[in-house]
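Listed below, chain by chain, are the residues.
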Amino acid sequence: MNKPIIVVLIALLTLVGCRQEITSTLYVTDIVDTVSSKKSMTAAAIKLGMPSSKSCGEKKEKLTRVISPFFINLEKIQCLKEGSNSFYYGIFELPLLNVADDGNLNQDYKGGISAQLSKNKENIDIYLAMKLELVSALDKDLRSEFMAGGGINPEDMTVKIAINNDDREPYNLFVEGAFLDGQPIIPRFGQTVKLKRRSESVISLANVSLFALTGRGKTSFAYVGSISPY
């Protein structure tokens, strides 16, 4: 049974900038099934930090219009209160698919963000990818509509991806050039951890990966890690 991949984007909409945090859980069985079945879609959630509940209520419709080309099929939109914090909340669909046959990014999906997989023998490499034209449009619209000078800034972004082993057998997880469960992993050396059944590890992307993901470098994708049977 497929598990939902939960993606949470937290953005503090202020006059000076936008704080974004994306967190996602990718399940081993979904990854393996996607490699076999070519393409799938999974549920995701988005939370946008707002100055107040009143501000969320006033801006909810406009914010939905601005972000809907990037976060597709938004539904169950509401304003949430968690302690003293207010949030815009909605459910959207996140494509989970294989890279193109030529090894390049697969552009055959709706919306601006996807998780993409590449199989090499026993290894399955995991990437996050964004469509640069939609990133640019979203950045421009957020600046003009809400933040008066702020926008999508990789330096203000945090991306955490949890890899959860919901399979009966253990799996290896390889990571490099990122933080693994809070510990920095040096590029080109990397580290492999064993994912036992019902266990998970959290990967936090480094700044250089965030710049690449948002198109500030020469690409529009970021390597997350690789899984393989133990």
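Reference entry: report on the structure contained in this document. (Residues numbered from 1 in each chain as written. Predicted model: local features only at pLDDT ≥ 70, side-chain atom pairs only at ≥ 80, totals over all residues. Heavy atoms only, no water.)

## Some points on the overall build of the chain
Here comes step 1: If you tally the helices and strands in the chain, you get four helices and 15 strands.
Here comes step 2: Buried positions account for 49% of the 230 residues belonging to the chain.
Here comes step 3: Across the chain, every contact between residues at least 6 apart in sequence was considered, and the portion connecting residues at least 24 apart equals 62%.
Here comes step 4: Split by element, the accessible area of the chain, about 11,700 Å² in all, is 50% carbon and sulfur. (Helix = DSSP H or I, 4+ residues; strand = E, 2+ residues; numbered from the N terminus. Buried < 20%, exposed > 50% of the residue type's maximum accessible area, 1.4 Å probe, protein only. Contact = heavy atoms within 4.5 Å. Areas by Shrake-Rupley, 256 points an atom, 1.4 Å probe, with all protein chains shown as cover.)

## Observations regarding the side chain of Ser220
Here comes step 1: Looking at where Ser220 falls in the secondary structure, it is placed in the loop between α4 (207–213) and β15 (221–229).
Here comes step 2: Exposure remark for Ser220: the relative accessible area of 10% places this residue in the buried category.
Here comes step 3: Dropping the residues within four chain positions of it, Ser220 is found in contact with Leu105, Leu128, Ala129, Met130, Leu132, Ala212 and Leu213.

## Comments concerning the state of the cysteines
Here comes step 1: By the definition in use, this model includes one disulfide.
Here comes step 2: Sulfur-sulfur distance for the disulfide between Cys56 and Cys79 comes to 2.1 Å. Disulfide Cys56-Cys79: torsion about the S-S bond near -90°, hence left-handed. Taken together, the residues span a long stretch of sequence, with Cys56 in helix α2 (residues 53–67) and Cys79 in strand β5 (residues 72–82) at a distance of 23 residues.
Here comes step 3: Assessed through its relative accessible area of 31%, Cys79 is described here as partly exposed. (Disulfide = S-S within 2.5 Å.)

## A few points about the layout of surface pockets
Here comes step 1: There is about 190 Å³ of room inside the largest pocket.
Here comes step 2: If you go around the largest pocket, you meet 12 residues; those closest to its centre are Ser209, Ala212, Phe221, Ala222 and Tyr223.
Here comes step 3: Secondary structure elements with two or more residues in the lining of the largest pocket: α4 and β15.
Here comes step 4: Here the lining of the largest pocket gets three residues from one element, more than from any other, and that element is β15.
Here comes step 5: A breakdown of the residues in the lining of the largest pocket according to their chemical character gives seven nonpolar, three polar and two charged. (1 Å grid on protein atoms, 1.4 Å probe; cavity = no way out; pocket = protein on both sides within 12 Å on 5 of 7 lines; lining within 4 Å. Points joined across faces, edges and corners; volume = space filled by probe spheres on them. Nonpolar A, V, L, I, M, F, W, Y, C, P; charged D, E, K, R; others polar.)

## A closer look at the pairing of strand β6 (residues 85–98)
Here comes step 1: In terms of burial, β6 is largely enclosed, as 11 of its 14 residues are buried.
Here comes step 2: The pairing of strand β4 (residues 39–50) with β6 spans 12 bridges and is antiparallel. Opposite Met50, over in β6, you have Ser86 as the bridge partner.
Here comes step 3: When β5 meets β6, the two strands line up antiparallel, connected through seven bridges. Bridge assignment links Glu82 to a residue of β6, and that residue is Asn85.
Here comes step 4: Joining the antiparallel neighbours β5 and β6 is a turn of two residues, in which Gly83 adopts a positive phi near 65°.
Here comes step 5: Pairing of β6 with strand β7 (residues 113–120) involves three bridges; the strand directions are parallel. Within β7, the position partnered with Asn98 by the bridge is Leu117. (Pairing = 2+ DSSP bridges.)

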